[in-house]
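Coordinates in review
Here is how the chains run, residue by residue.
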Amino acid sequence: MEHSFRIGREAGMSMVLVETGDDPGHAPARHAYEEAGFEQWPVARYFKSLLD
């Protein structure tokens, strides 16, 4: 991740976003992001199927 952070900074980025699931199977990913300094933000995301 540090390599990606460096590339982002060099490109002038001030923030990076990653997404993962909230289920138990994604716990290792969430842990890795938290260890790298990511903070979980409360977000409401809505989806609607157009097939119904």
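Residues numbered from 1 in each chain as written. Predicted model: local features only at pLDDT ≥ 70, side-chain atom pairs only at ≥ 80, totals over all residues. Heavy atoms only, no water.

1. A closer look at the overall build of the protein
Just so we agree on the cut-off: For helices the rule is a DSSP run of H or I covering at least 4 residues; for strands it is a run of E covering at least 2, with both sets numbered from the N terminus onward. In this setup the radius of gyration rests on C-alpha atoms only. A globule is expected at 2.2 Å times the number of residues raised to 0.38. Only protein chains enter the accessibility calculation, which uses a 1.4 Å probe. A residue is then buried if its area is under 20% of the maximum for its type, exposed if over 50%, and partly exposed in between. Only the protein chains shown count as cover for residues, with accessible areas throughout obtained via the Shrake-Rupley method and a probe of 1.4 Å. Counting rule for charge: Lys and Arg are taken as positive, Asp and Glu as negative, and neither His nor the chain ends is counted. Here the site of a charge means atom NZ of a Lys, CZ of an Arg, CG of an Asp or CD of a Glu.
Along the protein, the regular secondary structure elements total 2 helices and 0 strands. Relative to a compact globule of 52 residues, whose C-alpha radius of gyration would be 10 Å, the protein shows 15 Å and is clearly more extended. The principal-axis extent of the C-alpha atoms belonging to the protein is close to 45 × 25 × 20 Å. Classification of the 52 residues of the protein by burial places 6% in the buried group. With the model as given, the accessible surface of the protein reaches about 5100 Å², and the carbon-plus-sulfur share is 57%. Between the mean site of the 5 positive side-chain charges and the mean site of the 9 negative ones, the protein shows a separation of 5 Å.

2. Digging into the packing of aromatic side chains
Heads up, the condition is: Ring pairs shown here join Phe, Tyr and Trp side chains whose ring centres sit within 6.5 Å, with only the six-membered ring taken for Trp; geometry is labelled stacked below 30 degrees between planes, edge-to-face above 60, and tilted in between.
Evaluated as defined, the whole model comprises 2 aromatic pairs. Plain terms: the ring middles of Phe5 and Phe38 are 5.8 Å apart, the flat faces sit at 55° to each other, and that makes the pair tilted. With a gap of 33 residues between them, Phe5 in helix 1 (residues 2–10) and Phe38 in the segment after helix 2 (27–35) connect regions that are remote in the sequence. On the accessibility criterion, Phe5 (15% relative accessible area) is buried. Geometrically, the ring pair formed by Tyr33 and Phe38 is edge-to-face, given 5.5 Å between the ring centres and 65° between the ring planes. Given the relative accessible area of 23%, Tyr33 is considered partly exposed. Following the ring pairs from residue to residue traces out a cluster consisting of Phe5, Tyr33 and Phe38.

3. Quick notes on the pattern of salt bridges
Our working definition: Salt bridge, as applied in this entry: a Lys or Arg side-chain nitrogen positioned within 4 Å of an Asp or Glu carboxyl oxygen.
Tallied over the full model, the rule gives 3 salt bridges. The salt bridge partner of Arg6 is Glu10, with a shortest N-O separation of 3.0 Å. Of the two residues, Arg6 and Glu10 are both situated in helix 1; the distance of 4 residues between them amounts to about one turn of the helix. With a relative accessible area of 39%, Arg6 lands in the partly exposed category. One salt bridge connects Lys48 with Asp52, and the closest N-O pair in it is separated by 3.7 Å. Given the relative accessible area of 63%, Lys48 is considered exposed. A relative accessible area of 74% means that Asp52 is categorised as exposed.

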